[in-house]
Amino acid sequence: MFGESQVFLSPQSAIESLFGASLTGIAYSLFAGQPLTILGSTGPVLVFEKILYKFCKDYELSYLSLRTSIGLWTSFLCILLVATDASSLVCYITRFTEEAFAALICIIFIYEALEKLFHLRKTYPFNMHNDLDRLTSYSCVCSEPLDPSNETLELWMTHNKSADSISWANLTVRECKTYNGVFLGSACSDKGPYFPDVLFWCVILFFTTFFLSSFLKQFKTKRYFPTKVRSTISDFAVFLTIVIMVVIDYLVGVPSPKLQVPEKFEPTRSDRGWLIDPLGPNPWWTLIVAAVPSLLCTILIFMDQQITAVIINRKEHKLKKGCGYHLDLLMVGIMLGICSIMGLPWFVAATVLSISHVNSLKVESECSAPGEQPKFLGIREQRVTGLMIFVLMGMSVFMTSVLKFIPMPVLYGVFLYMGASSLKGIQASFVLIM
């Protein structure tokens, strides 16, 4: 979620993502037909918003206003689909479609986690050709650019500075980048000083989180501790892993990248509020033309929502409560319109998060013969877990003093675990392995 919120750093960021997820998730958990489904910012919707953002930037249109118009049209079309019984079309979604869609989303989760880890290589470069005997002669200092550009000169004027008044040798790394200085020395790369330990420590945190989560999740099958203790450790495997890794990271002291959470409850940009005008500075005809891209957005949301709902409502989950496809889509449509007016991200059923949620609520037999695997009895069907997830997500804005210690590689490791564990429950993956 936090990584997804960085797609649009200007008009939307972490605060909007947290508020939108909490608002939409609480409403959905209370009133939806299938509360086991977890909402999130899915890949297809994020790609759509990214294309829309680029389009508005190229044609000098207000992104938030045009997005609000498209969101209101999409909300109307979703409600129209509910009124016309369009959700009955889910009967044509075959098992192959479910498996292919779920496998695609799981693979995207795994790919995104690995990609974010590889991206740290650019953020924290290291010297691959160190001469250990000459480490004492290595240095990296900030220097004045030889041929400053017009933008750099304007930047200096904005800060009431000149090349002579800036004490280049005493600047920190951040200050040097702020003034567009140049890094010189044997311990420098083109973008700044080398970071000798951070990248490797991030790799250790990443894979340790993945393997530790997997180990603790299977702890209920081990021989250690009483059955109740093993079950508790297994149920809270991911939470315990995060706590353990945060403590280890704090004790080691390597400055790994931490989770960035806003400290104040206010919009990311000071020039926008919590209510967005659908027209804004855009021409009047954009209100009508917005109906065209909203058709594509409606298809994406309908497919995302309904395929995930079909996966959750499978017969093998042994759910006692009936399906609620119409009510689910109605709640998504209503909240999508509200989020559009407030300039918040759009949320729809997230496949991997929903599968992980259902897997965590599985009920298995406690008594079995020695060596016999416990039998699957069903799912704990309730609204409490989904509701508390989004309540705590909203409260996280006021828990910055704790959340700021969570390393980002640990979260990437959790994403990898979620994608891999969800992929294990897909029959198509077993077919490919065999």
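Residues numbered from 1 in each chain as written. Predicted model: local features only at pLDDT ≥ 70, side-chain atom pairs only at ≥ 80, totals over all residues. Heavy atoms only, no water.

Student: What is the right way to look at the overall build of the protein in this model?
Tutor: When helices and strands are tallied, the protein shows 17 helices and eight strands. Here the analysis covers contacts within the protein between residues at least 6 apart in sequence; of these, 79% occur between residues at least 24 apart. Summed over its atoms, the accessible surface of the protein is roughly 23800 Å², and 66% of this surface lies on carbon and sulfur atoms. (Helix = DSSP H or I, 4+ residues; strand = E, 2+ residues; numbered from the N terminus. Contact = heavy atoms within 4.5 Å. Areas by Shrake-Rupley, 256 points an atom, 1.4 Å probe, with all protein chains shown as cover.)

Student: Is there a simple way to think about the packing of helix 13 (residues 351–360) against helix 16 (residues 408–424) in this case?
Tutor: A packed helix pair is summarised by two numbers, namely the angle formed by the two axes and the spacing between the axes. Interhelical geometry of helix 13 versus helix 16 gives an angle of 70° and a closest axis separation of 9 Å. Compared by their axis directions, helix 13 and helix 16 come out roughly perpendicular. Contacts between helix 13 and helix 16 pair Val352, Leu353, Ile355 and Ser356 from the former with Met418, Gly419 and Ser422 from the latter. Here the contact of helix 13 with helix 16 is composed, by residue class, of four nonpolar, three polar and no charged. (Axes fitted to C-alpha atoms, helices over the stretch in contact; angles between N-to-C directions. Parallel < 35°, antiparallel > 145°, perpendicular 65-115°, else oblique. Nonpolar A, V, L, I, M, F, W, Y, C, P; charged D, E, K, R; others polar.)

Student: Just checking my understanding: could you explain the state of the cysteines for this structure?
Tutor: Working definition: the covalent bond between the sulfur atoms of two cysteines is a disulfide. Here the structure, examined in full by the defined rule, presents zero disulfides. The thiol sulfur of Cys78 is not disulfide-bonded, and the nearest other cysteine sulfur, from Cys297, lies at 7.5 Å. (Disulfide = S-S within 2.5 Å.)

Student: Where do I start with the nonpolar core in this structure?
Tutor: The biggest cluster of nonpolar side chains holds 81 residues, and the ones touching the most others in it are Leu66, Ile70, Leu120, Leu259, Ile301 and Trp346. Ranked by the residues each element gives to this core, the list is headed by helix 4 (residues 95–123), at nine residues. (Core = buried A, V, L, I, M, F, W, Y, C linked by side-chain atoms within 4.5 Å. Buried < 20%, exposed > 50% of the residue type's maximum accessible area, 1.4 Å probe, protein only.)

Student: Explanation requested: the pattern of salt bridges in the structure shown.
Tutor: Pairing between side chains of opposite charge can happen when the charged atoms of each approach one another. On inspection of all chains with the given rule, the structure shows three salt bridges. Between Glu49 and Arg67 there is a salt bridge, with its nearest N and O atoms 2.7 Å apart. In this pair, Glu49 sits in helix 2 (residues 43–58) while Arg67 sits in helix 3 (residues 63–83), placing the two residues 18 residues apart along the sequence. Relative accessible area serves as the criterion here: at 2%, Glu49 is assigned to the buried category. Here Asp249 makes a salt bridge to Lys258, at a shortest N to O gap of 3.2 Å. Its relative accessible area of 24% is what places Lys258 among the partly exposed residues. (Salt bridge = Lys/Arg side-chain N within 4 Å of Asp/Glu carboxyl O.)

Honestly, it's all geometry; don't read function into it.
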